[in-house]
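As a plain string of letters, each chain reads:
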Amino acid sequence: MKSSIHALLTKALENLVSRGVLESVPAEETIQVERTRDPSHGDFASNCAMMLCKSAGMKPRDLAQQIIDSLPGSHWIQEVSIAGPGFINFRFSSSAWHAEIRRVLEEGVSYGTSHLGKGKQVLVEFVSANPTGPLHVGHGRHAAYGASLANLLEAIGYDVRREYYVNDAGRQMQILAVSLWLRYLELNKVAAALPENAYQGEYIIDIARDLQAEHGDSLVRDPSGLPTVADAEDKETALSDLIAACQKLLGEDTFRIVQDKALDAILSDIKDDLSEFGVVFDRWYSERSLSETGAIDRALEKLQANNHTYIKGGATWFRASDLGDEKDRVVVRDNGQTTYFASDIAYHLEKRERGFDILLDVLGADHHGYIARVRAGLEAMGEPPASLEVKLVQFVSLFRAGKKEQMSTRSGQFVTLRQLREEVGNDAARLIYVMRSNDQHLDFDLELAKSQSSDNPVYYIQYAHARVASVTRQLHEKGYRWDPESGLSSLHALETPHELALMKTVTRYPEMVETAAMNRAPHMLVHYLRDLANDFHTYYNAHQFIVEDQALRDARISLINTARQVIANGLGLLGVSAPDTM
RNA sequence: GCGCCUGUAGCUCAACCGGAUAGAGCAACGGCCUUCUAAGCCGUAGGUUGCAGGUUCGAGUCCUGCCAGGCGCGCCA
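Residues numbered from 1 in each chain as written. Chains lettered and ligands numbered in written order. Predicted model: local features only at pLDDT ≥ 70, side-chain atom pairs only at ≥ 80, totals over all residues. Heavy atoms only, no water.

**Notes on helix α17 (residues 457–477)**
Item 1. Taking 1.5 Å per residue, 21 residues should reach 30 Å; α17 reaches 30 Å between its end C-alpha atoms and fits that length.
Item 2. Residue glycine 479 follows α17 closely and has a positive phi angle near 80°. (Helix = DSSP H or I, 4+ residues; strand = E, 2+ residues; numbered from the N terminus. Expected span 1.5 Å × (residues − 1).)

**Quick notes on the protein's contact with RNA strand B**
Item 1. If you check the shell around RNA strand B, you find 72 residues, and the closest are His368, Tyr370, Tyr460, Tyr463 and Ser470.
Item 2. When the atoms of RNA strand B within 4 Å of the protein are grouped by moiety, sugar and phosphate amount to 64% of the total.
Item 3. At 2.9 Å, a backbone N or O of alanine 169 approaches a sugar or linking oxygen of RNA strand B.
Item 4. A distance of 3.1 Å separates a base nitrogen of RNA strand B from a polar atom in the backbone of glycine 313.
Item 5. Counting only elements with at least two residues in the surface near RNA strand B, the list comes to α2 (48–56), β4 (87–92), α6 (171–187), β9 (315–318), α13 (368–380), α17 and α21 (522–542).
Item 6. Examining the composition of the surface near RNA strand B, we find that nine residues originate from one element, α21, more than from any other. (Near = heavy atom within 4 Å. Polar contact = N/O pair within 3.5 Å; in protein donor to acceptor, adjacent residues only side chain to side chain.)

**A look at the packing of aromatic side chains**
Item 1. Tallied over the entire structure, the rule returns 18 aromatic pairs.
Item 2. Pairing phenylalanine 126 with phenylalanine 281 gives two aromatic rings, centres 4.6 Å apart and planes at 35°, and the pair type is tilted. Pair noted here: phenylalanine 126 is in the loop between β5 (121–125) and α5 (137–155) and phenylalanine 281 is in the loop between α9 (252–276) and β7 (283–286), with a separation of 155 residues, a long-range link.
Item 3. What makes phenylalanine 126 buried here is its relative accessible area of 0%.
Item 4. Accessibility expressed as a relative area gives 13% for phenylalanine 281, which makes it buried.
Item 5. With centroids separated by 6.3 Å and ring planes inclined at 40°, the aromatic side chains of phenylalanine 536 and phenylalanine 545 adopt a geometry described as tilted.
Item 6. Taken together, the ring pairs connect Phe126, Tyr164, Phe281 and Trp284 into an aromatic cluster.
Item 7. Seen from the ring of tyrosine 540, arginine 467 lies directly overhead, with NZ or CZ sitting 3.8 Å from the centre.
Item 8. We note arginine 553 situated over the ring of tyrosine 480; from NZ or CZ to the ring centre the distance is 3.8 Å. (Phe/Tyr/Trp six-rings, centres within 6.5 Å; stacked < 30°, edge-to-face > 60°. Buried < 20%, exposed > 50% of the residue type's maximum accessible area, 1.4 Å probe, protein only. Lys NZ or Arg CZ within 6 Å of the ring centre and 35° of its normal.)

**Describing the packing of helix α11 (residues 295–305) against helix α12 (residues 340–353)**
Item 1. Where α11 meets α12, the axes come as close as 8 Å, and the angle between the chain directions of the two elements is 95°. Between α11 and α12, the interaxial angle falls into the category roughly perpendicular. Note on element contacts: α12 touches α11 through Ala342, Ser343, Ile345, Ala346, Leu349, Glu350 and Glu353, opposite Ala295, Ile296, Arg298, Ala299, Lys302 and Leu303.
Item 2. For the contact of α11 with α12, the residue count by class is eight nonpolar, one polar and four charged. (Axes fitted to C-alpha atoms, helices over the stretch in contact; angles between N-to-C directions. Parallel < 35°, antiparallel > 145°, perpendicular 65-115°, else oblique. Contact = heavy atoms within 4.5 Å. Nonpolar A, V, L, I, M, F, W, Y, C, P; charged D, E, K, R; others polar.)

As structure tokens, then:
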């Protein structure tokens, strides 16, 4: 509906250009059309006269009048007027609303989808948590946000792929391997201290048990010669020494067996967890594979070929500061190993090589330092830096009975995503996670999420859906049958304020999907669905749907079914179920 | 010290690239179940949008400077 006004305005402006009133038709995005907040202003408003008055050398209201005079006729438009400083207000005829309501029922599950993003490929990378332990509640927010965002982008026509970058290389994996092996020694009654800065979590013991079942005591070695971490001044360095000593003691192949055991166990747990949460990925991209496939070498060669590197102190540096980063970055250490950053830009280069137009990364707020350097990397490799789009997700604080819970992965003290899901349910978790803007800290209150009350928006929205289903059941019990065609041709019978309001909210859905997707803001959809549910509940309380008059009954049932359809579609994009009974 | 995010009703938050009178929920108070699910609805009350300037027809939104909170600034990943 919005786009039809947009089209009318564009036509009018073209007419004015041909008559010499305006110099040129402005760019598409400068012609803004918005829903009005106040119904007395009509249904839609445009500020284009105010935007263009300066270049036209006219007063805004005079230009607005000229634009109105140049509008092509349309039987959808009932009234056009000038208001305030120069707004052009449009009011749709009831037949226009009825046509849109018909569309909802005809298009069904695909109502709200569009082709805005057609032909563009987007790679949404999200979660990408280190596979060193189970996902916790913070990762859950990334999962819910990324999945909803990907769904939204898909709904407006983008070709979307979802990817999880698996950090299966590097120091954290080595610490994990050592932690597992020490736990395994424990199970084999060999005394060995687990350093406090190793992974302490209970889940490591479970994996150690598996390792023992598979390998018996064949991986046991005498740990007495290993360095201790506990008394060391610098515990991180001491831990590195311990890693090196373990690698030597076990041998590279055996160490790898232990490490891969930990990786496989944890990764498969993460996969199960996410899949149960309704979050699926097209690909789990191994960091390790980047060096194996030569992607890192390709990236480094590109940097060198474009003269963006230099050698200092035996290391290879990338001149990131030339391209907007705050300092230069090491890509190859003096010991010849490439850095995590080298993998990172190689991964992003590889995404571009696969043909993605938009590289959309969902990252934790603590990663904001990456943006400048990865963009610099892309630019240095000859890729457009703007192709990288980063959405930062702020932290989640978990509250139980008004008390904040502390979390730390290494110490093993955290609430896992799985525990959260079991406690509050997938639906409540998915919705509450995306209810707030991504750059807003989220206070996740467990008691609130569990409460089956109006505090809890998920129930409120689902309840609206269930009520429509319930009305349909009642309808059949009373021996009636809903005739959609009769309902749609009787929509003129719906003229109470509640009915008109619901009609307008329902038909706002396609615009909402578009806005939420373009703003990368699933929370806008949540707020919309709450509004819609509110309009429905209000209507439900004010009027009886199952009435004697067949035309009126069919019209009302048709209308509430469009609300049901839109709620189902919207919740679907958010990964939340739309139950028929509650 | 530098950088990113945040600051809106008692609390948790909205406000669609700057739009018309800043909106919801919770909490508080008062009403609505012999009628399709009361997990609901209606009403009342609640604001100098952290502070001070600036930009313009118009600023919660943009710019500058302060104040407060969170996070980040490794040849870690």
